[in-house]
Amino acid sequence: MSKRTFYAVSFSALTLLGLAVTQSDAKPDEVKLITQGVWFREGDLMGKGHCNNIIIEMKDYLVVIDANFPSGAQAALADIKKISSKPVRYVFDTHHHGDHAYGNPVWSKIGATTLAHQGVVDEMKRYEPKRWTETSKQREDVGSLKLATAEPPKQTFSDKPFVIDDGNRKIEFHHFGWAHTRGDGFAYLPKEKIICTGDAATNGPYNYTADANIGNWPDVLGKAAKLDFKQVLPGHGPAGDRTVITGEIEFMMALRRAVRTQIQSGKTLKDLVTMKDGKPVATSLKLPDSVKNWVGPFLAAQVNDAFEELTMNKPHGDLPH
Ligand SMILES: [Zn+2]
């Protein structure tokens with residue numbers, strides 16, 4: 001398995017490395033009411049590689065943020081049935097990664113419309129069916145669908161935000177540019193002052209930077225931060241406040257700054273990152289304590305990706321991988 005594939009499979013791959021992420025307040029598979037008609041379901045990341053889901057109740061139907069892996073979609077669906085009898089009409093893929101979009105066929109099957117920024121379709125064209133095929137071999141839930149490739153979102157938006165407004169509640173779907181992936185989408189509830197960020201902002205050490213534009217990441221989150229919100233519902237990790245976004249901005253800037261300083265002092269990638277079986281497993285680089293919420297087992301891979309992005313002068317996602 002290549003280095004990239006290893007990281008693309010799922011976060012549960014971390015357990016193979018014998019690494020554990022401790023997040024004291026993480027409660028996988030718990031459905032928490034955020035405000036009336038908005039639920040946050042924290043996915044079982046370490047066990048099953050699942051992302052978080054947000055369930056939003058409209059007058060006549062439900063909107064779900066992120067399709068999850070197929071088994072995550074099934075788990076979320078089972079919980080949704082306990083909280084509402086309304087049908088799921090829209091499922092928003094915040095980006096193309098398997099743990100956010102490979103569950104699309106599950107939602108299509110129950111009559112929901114999968115929705116995303118056009119960049120998600122483009123990313124799937126770029127990376128699929130390679131990743132789907134590899135993941136099918138490793139994950140029973142993906143393999144058992146017996147499909148040749150990932151199912152792209154059925155409805156897309158590009159230049160202008162996509163807006164759902166039924167008089168009771170309004171959801172705006174935004175794209176602010178390339179951070180975690182080229183197709184990063186945000187769901188924003190202006191009245192409730194809530195933003196759902198996908199993996200453009202995670203609450204914990206979960207940043208995956210292989211398909212990213214690390215240099216542009218703070219700018220994208222800066223644009224999102226201009227919206228008026230109090231609560232942040234991230235793609236991974238527990239729900240939080242605005243500091244999930246401001247801290248993520250600080251982390252990305254600190255990472256890039258620290259790596260650039262090392263490059264300027266003549267350090268090579270080998271000096272900074274220890275590789276094992278072609279995978280970055282450890283780094284000598286230290287980041288400030290103020291961003292420690294985002295520092296964990298992925299730091300070596302993040303340093304590797306930032307180093308490559310800076311030395312090759314291209315967003316990491318534009319480098320062959
Ligand atoms: Zn992701």
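Coordinates for the structure precede this section.
Residues numbered from 1 in each chain as written. Predicted model: local features only at pLDDT ≥ 70, side-chain atom pairs only at ≥ 80, totals over all residues.

Novice: I'd love a proper account of the sheet that holds strand β9 (residues 170-174), names of residues and values included.
Specialist: To summarise the sheet geometry, strands pair through backbone hydrogen bonds and adopt either a parallel or an antiparallel arrangement. Across the sheet, five strands lie side by side as β8-β9-β10-β11-β12; this open sheet has mixed pairing. What marks the edges here is a single partner per strand, and that holds for β8 (162-165) and β12 (231-234). Within the sheet, the average angular offset between the axes of one strand and its neighbour, ignoring direction, is 15 degrees. Relative to β12, strand β11 (residues 194-198) is paired through four bridges, and the arrangement is parallel. What sits directly across from Cys196, in β12, is Leu233. (Pairing = 2+ DSSP bridges. Helix = DSSP H or I, 4+ residues; strand = E, 2+ residues; numbered from the N terminus. Axes fitted to C-alpha atoms, helices over the stretch in contact; angles between N-to-C directions.)

Novice: So, the packing of helix α10 (residues 217-225) against helix α11 (residues 243-264): which residues are in play, and what are the values?
Specialist: It is the contact of α10 with α11, at a shortest axis distance of 9 Å, that shows an interaxial angle of 165 degrees. With respect to each other, α10 and α11 are oriented roughly antiparallel. Both α10 and α11 take part in a crossing whose hand is left-handed. Two secondary-structure elements touch here, α10 through Trp217, Pro218, Leu221, Gly222, Ala224 and Ala225 and α11 through Ile245, Thr246, Glu248, Ile249, Met252 and Met253. Partitioning the contact of α10 with α11 into residue classes produces nine nonpolar, two polar and one charged. (Parallel < 35°, antiparallel > 145°, perpendicular 65-115°, else oblique. Left-handed = near helix turned anticlockwise from the far one by under 90°. Contact = placed C-beta atoms within 7 Å. Nonpolar A, V, L, I, M, F, W, Y, C, P; charged D, E, K, R; others polar.)

Novice: Which residues make up the pairing of strand β5 (residues 88-92), and what are the values?
Specialist: Bridge count for strand β4 (residues 62-65) against β5 is four bridges, and the pairing is parallel. Paired with Val64 across the bridge in β5 is Val91. Each parallel crossover has a hand, and for β4 linked through helix α4 (residues 70-83) to β5 it is right-handed. Note: β5 against strand β6 (residues 113-117), three bridges, orientation parallel. Its bridge partner lying in β6, Val91 is registered against Thr114. (Right-handed = clockwise from strand over helix to strand, strands pointing away.)

Novice: Outline the pairing of strand β2 (residues 38-41), supporting the account with residue identities and numerical values.
Specialist: Of the two faces of β2, the one holding Val38 and Phe40 and the one holding Trp39 and Arg41 are both buried throughout. Relative to β2, strand β1 (residues 31-35) runs antiparallel, the two sharing four bridges. Along β2, the bridge assignment pairs Thr35 with Val38. Taking the residues that link successive antiparallel strands as the turn, the β1-β2 hairpin has two residues, and the phi of Gly37 there is positive, at about 80 degrees. In this structure, β2 lies alongside strand β3 (residues 53-57), joined through four bridges in antiparallel fashion. (Buried ≥ 20, exposed ≤ 12 C-beta atoms within 10 Å, placed from the backbone.)

Novice: Any chance you could break down α10 for me, citing the residues and the numbers?
Specialist: Listing the buried residues of α10 in full gives Trp217, Val220, Leu221 and Ala224. Seen along its axis, α10 keeps its buried residues to an arc of 90 degrees; they face one direction. Against β10 (186-189), β11 and α11 lie the buried residues of α10. (Arc of directions from axis to C-beta.)

Novice: Let's hear about the sheet that holds β4: which residues, and what values?
Specialist: Ordered by their spatial adjacency, seven strands build an open sheet running β1-β2-β3-β4-β5-β6-β7, and the pairing between neighbours is mixed. Strands with a single pairing partner mark the edges of an open sheet, and in this sheet they are β1 and β7 (155-157). Each strand axis lies, on average, 25 degrees off the axis of its neighbour in the sheet, ignoring direction. As paired elements, β3 and β4 share four bridges and run antiparallel to each other. If you follow Ile54 over to β4, its bridge partner there is Ile65. On the sheet, helix α7 (residues 118-127) packs against β6 and β7 and is oriented at approximately 90 degrees with respect to β6.

Novice: Account for helix α13 (residues 299-312), naming residues and giving values.
Specialist: In this model, α13 (14 residues) spans 20 Å end to end at C-alpha, consistent with the 20 Å of a helix rising 1.5 Å per residue. Among the 14 residues in α13, ten count as buried, and that is most of the element. Looking only at α13, the buried set comprises Leu299, Ala300, Ala301, Gln302, Val303, Asn304, Asp305, Ala306, Phe307 and Glu309. Note on α13: the residue one or two positions beyond its end, Asn313, has a positive phi of about 60 degrees. (Expected span 1.5 Å × (residues − 1).)

Novice: Describe the environment of Gln302, listing the residues and the values that go with them.
Specialist: In this fold, Gln302 is placed in helix α13. Looking at Gln302, the number of C-beta atoms within 10 Å reads 30, which means it is buried. Along the sequence, Gln302 and Asp271 sit 31 residues apart, while their C-alpha atoms lie 15 Å from each other. If sequence neighbours within four positions are ignored, Gln302 has contacts with Asn207, Thr209 and Leu255.

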